[in-house]
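Spelled out, the chains give:
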Amino acid sequence: MAIIRLDRISKCYGVGSLPVHALRNISLEIFAGESVAIMGASGSGKSTLLGLLGCLDAPTAGRYHLAGQEVGTMSKQALAHTRCRRIGFVFQSFNLLPRSTAAENVELPLVYAGLRPSARRAMAMAALERVGLADRALHYPNQLSGGQQQRVAIARALVIEPDLILADEPTGALDSVTGREILQLLHQVNALGTTVIVVTHDRNVAAGMRRTIALADGRITADLRTGNGTPGRQEVLA
């Protein structure tokens, strides 16, 4: 089943009298349980694409279906519910609240979901346990290493039990050893059935994914399946 289907998606930003075409006529399917790397140089459109996939932005043209629902027809309330229930986000800069403990940071999506404090705390602790940081629950971000902060961010993404994890350069601010640990954690999440999409400049990161999509000038230039994923032939687009 395709969890993501893009049909002729384009995104154009107006800058003065000259439009900037960030995405150009992209059609794409990503299947439930896949692990996908999105690669491209700066300005290729990969961050714009990730924002659209995360329902943080809307296309100028085309249709986006997420888990069978057309995103463009959703109300603001439905979009917020979708982001809260279906999508977990992981960022290069961690995006943790500095004055909140690890547990409080992980609880944040559950606050938006309207869960009671006792339920939130139990779920946050379970998510921290999952990433090996239950013993750091009461620590603040400045008391944690970069790798530990990213683990907290992943726990925050996992606490809602999402269908989809979107990670924007999740190892970009980490040393190579810690970066490999974070990637291993994402692979474990994927192995349990969660679809994982990673934006990266790093070919080593992409090599660990089952599929790599390359962008240039807002267009898909390659779509490679490396095995162990959804059956399909290897394809390179001109």
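Rules behind the numbers
Residues numbered from 1 in each chain as written. Predicted model: local features only at pLDDT ≥ 70, side-chain atom pairs only at ≥ 80, totals over all residues. Heavy atoms only, no water. Helix = DSSP H or I, 4+ residues; strand = E, 2+ residues; numbered from the N terminus. Rg over C-alpha atoms; globule rule 2.2 N^0.38 Å. Buried < 20%, exposed > 50% of the residue type's maximum accessible area, 1.4 Å probe, protein only. Contact = heavy atoms within 4.5 Å. Lys, Arg positive; Asp, Glu negative; His and termini not counted. Charge placed at Lys NZ, Arg CZ, Asp CG, Glu CD. Salt bridge = Lys/Arg side-chain N within 4 Å of Asp/Glu carboxyl O. Expected span 1.5 Å × (residues − 1). Arc of directions from axis to C-beta. Polar contact = N/O pair within 3.5 Å; in protein donor to acceptor, adjacent residues only side chain to side chain. Pairing = 2+ DSSP bridges. Axes fitted to C-alpha atoms, helices over the stretch in contact; angles between N-to-C directions. Disulfide = S-S within 2.5 Å. Parallel < 35°, antiparallel > 145°, perpendicular 65-115°, else oblique. Left-handed = near helix turned anticlockwise from the far one by under 90°.

Caption draft 1: Spotlight on the overall build of the protein. If you tally the helices and strands in the protein, you get seven helices and 10 strands. What you see for the protein is a C-alpha radius of gyration of 18 Å, in line with the 18 Å of a compact globule of 238 residues. Referenced to the eigenvectors of the C-alpha coordinate spread, the extents of the protein come out at roughly 50 × 40 × 40 Å. A burial count over the protein gives 47% of its 238 residues as buried. Contacts in the protein between residues at least 24 apart in sequence constitute 68% of all its contacts with a sequence separation of at least 6. Treating the 25 positive side-chain charges of the protein as one cloud and the 19 negative ones as another, the clouds have centres 4 Å apart.

Caption draft 2: Fine view of the pattern of salt bridges. For the coordinates displayed, the defined rule picks out nine salt bridges. Note that glutamate 107 and arginine 121 form a salt bridge whose closest N and O atoms lie 2.6 Å from each other. Of this pair, glutamate 107 sits in helix 3 (residues 102-113) while arginine 121 sits in helix 4 (residues 117-130), placing them 14 residues apart in sequence. What makes glutamate 107 buried here is its relative accessible area of 7%. Arginine 121 sits in the partly exposed class, given a relative accessible area of 34%. The closest approach of N and O atoms between aspartate 135 and arginine 136, which form a salt bridge, is 2.9 Å.

Caption draft 3: Layout of helix 2 (residues 76-86). Turning to helix 2, its buried residues are Leu79, Thr82 and Cys84. For helix 2, the secondary structure elements touched by its buried residues are strand 4 (61-66), strand 6 (87-91) and helix 3.

Caption draft 4: Quick peek at helix 6 (residues 176-191). Over its 16 residues, helix 6 extends 22 Å from the first C-alpha to the last, a length consistent with the 22 Å expected when each residue adds 1.5 Å. Of all the residues in helix 6, the buried ones are Thr178, Gly179, Ile182, Leu183, Leu185, Leu186, Val189 and Asn190. Buried residues of helix 6, seen end-on, are gathered within an arc of 155° and therefore sit on one face of the element. Of the exposed residues in helix 6, the ones pointing more than 90 degrees away from its buried face are Ser176, Arg180 and Ala191. Where helix 6 begins, one side-chain oxygen reaches toward the backbone nitrogen of valine 177, 3.1 Å away; that side chain belongs to aspartate 175. Directly beyond the C-terminal end of helix 6, a positive phi value near 110° is found at glycine 193.

Caption draft 5: Structural context of the sheet that holds strand 7 (residues 164-168). On the basis of which strands lie adjacent, the open sheet formed by six strands has the order 6-7-8-3-9-10 and mixed pairing. At either end of the open sheet lies a strand with only one pairing partner, and these are strand 6 and strand 10 (219-225). Sheet twist, expressed as the mean angle between neighbouring strand axes with direction ignored, is 15°. Running at roughly 70° to strand 6, helix 2 makes contact with strand 6 and strand 7 of the sheet. Sheet strands touched by helix 5 (residues 146-158): strand 6 and strand 7. Its angle to strand 6, the strand with the most contacts, is close to 165°.

Caption draft 6: Layout of the state of the cysteines. For the structure on display, the rule yields zero disulfides. There is no disulfide at cysteine 84, and the cysteine sulfur nearest it, in cysteine 55, is 12 Å away. For cysteine 84, a relative accessible area of 14% corresponds to the buried category.

Caption draft 7: Seen up close, the packing of helix 3 against helix 4. Put simply, helix 3 and helix 4 touch, their axes get as near as 9 Å, and they point 120° apart. Viewed along their axes, helix 3 and helix 4 adopt a mutual orientation that is oblique. For helix 3 against helix 4, the interelement crossing comes out right-handed. Packed against helix 3, whose contacting residues are Ala102, Ala103, Glu104, Val106, Glu107, Leu110 and Val111, the element helix 4 presents Arg120, Arg121, Met123, Ala124, Ala127 and Leu128 at the interface.

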